[in-house]
Amino acid sequence: MTIDSSNIPDDSEKAERSSYFGLPSLDVSVSFPQATPASIFPPSASDYYHFDDLLTPEEQAIRMTVRACMEKEIAPIMTEYWEKAEFPFHVVPKLSALRIAGGTIKGYGCPGLSITASAIATAEVARVDASCSTFILVHSSLAMLNIALCGSEAQKQKYLPSLALFNTVACWALTEPDYGSDASSLKTTATKVEGGWILEGQKRWIGNSTFADVLIILARNTTTNQINGYIVKKNAPGLTATKIQNKIGLRIVQNGDIQFKNVFVPDEDRLPGVNSFQDINKVLAVSRVMVAWQPIGISMGAYDMCHRYLKERKQFGAPLAAFQINQQKLVEMLANIQAMTLVGWRLCKLYEKGTMTPGQASMGKAWNTLKARETLALGRELLGGNGILADFLVAKAFCDLEPIYTYEGTYDINTLVAGREITGLASFRPAELNRRSRL
């Protein structure tokens, strides 16, 4: 085989490069001193309609505690870990100290927060870093809540206290390679054997899965053909979880592919309250309220960043905040946040009254993520060239919002959940299939 030597780098090619080729990048505070990067997080400026007045003193205190922790502990490191797509395990004790894991769950070492307090905490985490928010949401509002709503008393006593302190970390596995929006058709199987169950199949996009101590797995019972829930412990024989590479959003979150090859789960680790997809919907209804608050927090952080940046950055002899078109965009961002916040707040109140419907939760999640997309696009415009740098938050938040727009039901699927509720007609499947949806 003849190889063209002209395509092989050699010492002469290296010699043609500059003497400063490959030097470390300048710190952004040195390269762009006119505006403050997000590592020094901007003060909160987005509560224009004084939403804080609607909160109880306890809810206000949680907001300030979470905000202070995120600004001090997470903001200085988030861009580095986002760029590396690595999880900052050293901050988990700081998140544990917030006492927000477990959210609304009462007892078992959980905080027993109001759903409004839990939602506020979700938004405040997402305001600084959406990946940390998703890490907590998967652990708390999906895995822990599934155990709390559908687990036996023994399972709650065994697993929840440790999870509430982040001494152990959990993931929740529903989505599969072939079944995303059509999750109720999942094919991972659970076959009854003496003393337990054998799991076979594959899951995809599962947050926290590569390092979770406890994995909540949804699988199809081969006897009943219904979906059941199982608690699988890390390092179970036949279990593997590998990281999904090359994501453009939520890069700190460790999403994984999980494979089950003859994985044994003892009878004591089957969740007795998960006997159909309708039982899963009980968990998703609550978690969608939390997810509806993530875009609120993300938009708050982007607005705060733009608000400070426009007053610091000068062009044509004046701060960018002095230009009419920039003020208009800033006001559009702020107005969206007020509307999104009130939608989120109302969802919480409906849930507390016991009257919230799945359609209401779905519409709230869908609409808030849609408005957040619009808000982040405006923020990206306002920051100009710095709008593509993670150092100034908006570009990172812009990318982080995209998976949130999709997970916990895509925008389209969530609108169809609401549409079914208001019309009485399901439209998830093409009409010619004439098959009832299990969603």
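Here the structure is a predicted model, which is why all the values come from computation and not from measurement.

Draft legend 1. Seen up close, the pattern of salt bridges. Inspection of the entire model under this criterion finds 21 salt bridges. With a closest N to O distance of 3.2 Å, Asp267 and Lys192 form a salt bridge. A residue pair is termed long-range when its members are at least 10 positions apart, and Asp267 in the loop between β9 (255-266) and β10 (270-271) and Lys192 in strand β4 (residues 189-193) qualify at 75 residues. When its relative accessible area of 36% is taken as the criterion, Asp267 is described as partly exposed. Overall, the relative accessible area of 38% leaves Lys192 in the partly exposed class. Through salt bridges that share partners, Asp52, Arg63, Arg67 and Glu124 make up one connected network.

Draft legend 2. View of the packing of helix α6 (residues 115-128) against helix α10 (residues 324-353). Relative to each other, α6 and α10 sit at 150°, their axes nearing to 9 Å. Comparing the axis directions of α6 and α10 gives the class roughly antiparallel. When you trace α6 past α10, the crossing you get is right-handed. Residue-level inspection shows Ile115, Thr116 and Ala119 of α6 in contact with α10, the latter providing Trp345, Cys348, Lys349, Tyr351 and Glu352. Split by residue class, the contact of α6 with α10 holds 5 nonpolar, 1 polar and 2 charged.

Draft legend 3. Expanded view of the pairing of strand β3 (residues 170-173). Burial of β3 is two-sided: the residues Ala170 and Trp172 facing one way and the residues Cys171 and Ala173 facing the other way are all buried. Here β3 runs beside strand β6 (residues 214-221); their pairing, made up of 4 bridges, is parallel. Its bridge partner being in β6, Trp172 is matched across the sheet by Ile216.

Draft legend 4. Structural context of the packing of helix α7 (residues 130-150) against helix α9 (residues 277-312). Remark: α7 packs on α9, axes separated minimally by 10 Å, with the N-to-C direction vectors making an angle of 160°. Classed by the angle they form, the pair α7 and α9 counts as roughly antiparallel. The two elements α7 and α9 meet at a crossing, and its hand is right-handed. Within the contact between the two elements, α7 uses Ala130, Ser133, Thr134, Leu137, Ser141, Leu142, Leu145, Asn146, Leu149 and Cys150 and α9 uses Asp279, Lys282, Val283, Leu284, Val286, Ser287, Met290, Val291, Gln294 and Ile298.

Draft legend 5. Molecular detail of helix α13 (residues 411-423). The end-to-end C-alpha distance of α13 is 18 Å, a good match for the 18 Å that 13 residues give at a rise of 1.5 Å each. Every buried residue of α13 is accounted for by Ile413, Asn414, Val417 and Ala418. Looking down the long axis of α13, one finds its buried residues gathered within 140° of arc, a one-sided arrangement. Exposed side of α13, more than 90 degrees from the buried face: Asp412, Ile422 and Thr423 are the residues found there. Buried-residue contacts for α13 involve α9 and α11 (358-382). Among the residues trailing α13, Gly424 stands out with phi positive, at a value near 80°.

Draft legend 6. Layout of the side chain of Lys365. The residue Lys365 is located in helix α11 in this model. With no salt bridge to any partner, buried Lys365 finds its closest opposite charge in Glu408, at an N-O distance of 7.4 Å. In this structure the side chain of Lys365 is engaged in a polar contact, spanning 2.7 Å, whose partner is the backbone oxygen of Tyr407. Apart from the residues within four sequence positions on either side, Lys365 is in contact with Arg288, Val291, Ala292, Ile404, Tyr405, Thr406, Tyr407, Glu408, Gly409 and Asn414.

Draft legend 7. Region of interest: the pairing of strand β7 (residues 227-233). In terms of residue burial, β7 counts as a mostly covered element, since 6 of its 7 residues are buried. With antiparallel pairing between neighbouring strands as the criterion, β6 and β7 make up a hairpin whose turn holds 5 residues, including Asn225 at a positive phi of roughly 65°. Where β7 and β10 come together, 2 bridges link them in antiparallel fashion. Looking across to β10, one finds that Gly229 is bridged to Leu271.

Draft legend 8. The arrangement of the packing of aromatic side chains in detail. This model, assessed by the stated rule, comprises 14 aromatic pairs. Judged by centre distance (6.3 Å) and plane angle (40°), the rings of Phe135 and Phe211 are tilted. Taken together, the residues Phe135 in helix α7 and Phe211 in the loop between β5 (196-207) and β6 connect sequence positions 76 residues apart. For Phe135, a relative accessible area of 1% corresponds to the buried category. With centroids separated by 5.8 Å and ring planes inclined at 80°, the aromatic side chains of Tyr309 and Phe392 adopt a geometry described as edge-to-face. With Tyr309 in helix α9 and Phe392 in the loop between α11 and α12 (394-406), this pair connects stretches of sequence that are 83 residues apart.

Draft legend 9. Structural context of α7. End to end, α7 covers 28 Å across 21 residues, agreeing with the expected 30 Å (1.5 Å per residue, within 8%). Of all the bends in α7, the largest measures some 35° and sits at Leu137. The N-cap residue of α7 is Asp129: its side-chain oxygen and the backbone nitrogen of Ser131 are 3.3 Å apart.

Draft legend 10. Layout of the nonpolar core. By size, the foremost hydrophobic cluster in this structure holds 133 residues, and its most contacted members are Phe135, Trp172, Leu199, Val232, Val289 and Trp293. Among the elements that make up this core, the one with the highest residue count is α9 (20 residues). If we ignore the near neighbours within four places in the chain, the residues touching Leu199 are Thr189, Ala190, Ile217, Ala219, Tyr230, Val232, Phe260, Lys261, Asn262, Val263 and Val265.

Draft legend 11. How the structure looks around unusual backbone geometry. In this structure, Arg99 takes a positive phi of about 60° despite not being glycine. By secondary structure assignment, the location of Arg99 is in the loop between α5 (92-97) and β1 (106-107). Owing to a relative accessible area of 32%, Arg99 belongs among the partly exposed residues under this scheme. With a phi close to 60°, Phe166 is a non-glycine residue in the positive phi region. Here Phe166 lies in the loop between α8 (153-164) and β3. By relative accessible area, which is 6% here, Phe166 ends up buried.

The rules behind the values
- Residues numbered from 1 in each chain as written.
- Predicted model: local features only at pLDDT ≥ 70, side-chain atom pairs only at ≥ 80, totals over all residues.
- Heavy atoms only, no water.
- Salt bridge = Lys/Arg side-chain N within 4 Å of Asp/Glu carboxyl O.
- Helix = DSSP H or I, 4+ residues; strand = E, 2+ residues; numbered from the N terminus.
- Buried < 20%, exposed > 50% of the residue type's maximum accessible area, 1.4 Å probe, protein only.
- Axes fitted to C-alpha atoms, helices over the stretch in contact; angles between N-to-C directions.
- Parallel < 35°, antiparallel > 145°, perpendicular 65-115°, else oblique.
- Left-handed = near helix turned anticlockwise from the far one by under 90°.
- Contact = heavy atoms within 4.5 Å.
- Nonpolar A, V, L, I, M, F, W, Y, C, P; charged D, E, K, R; others polar.
- Pairing = 2+ DSSP bridges.
- Expected span 1.5 Å × (residues − 1).
- Arc of directions from axis to C-beta.
- Lys, Arg positive; Asp, Glu negative; His and termini not counted.
- Polar contact = N/O pair within 3.5 Å; in protein donor to acceptor, adjacent residues only side chain to side chain.
- Phe/Tyr/Trp six-rings, centres within 6.5 Å; stacked < 30°, edge-to-face > 60°.
- Bend = angle between axes of the 7 residues up to and from the residue.
- Core = buried A, V, L, I, M, F, W, Y, C linked by side-chain atoms within 4.5 Å.

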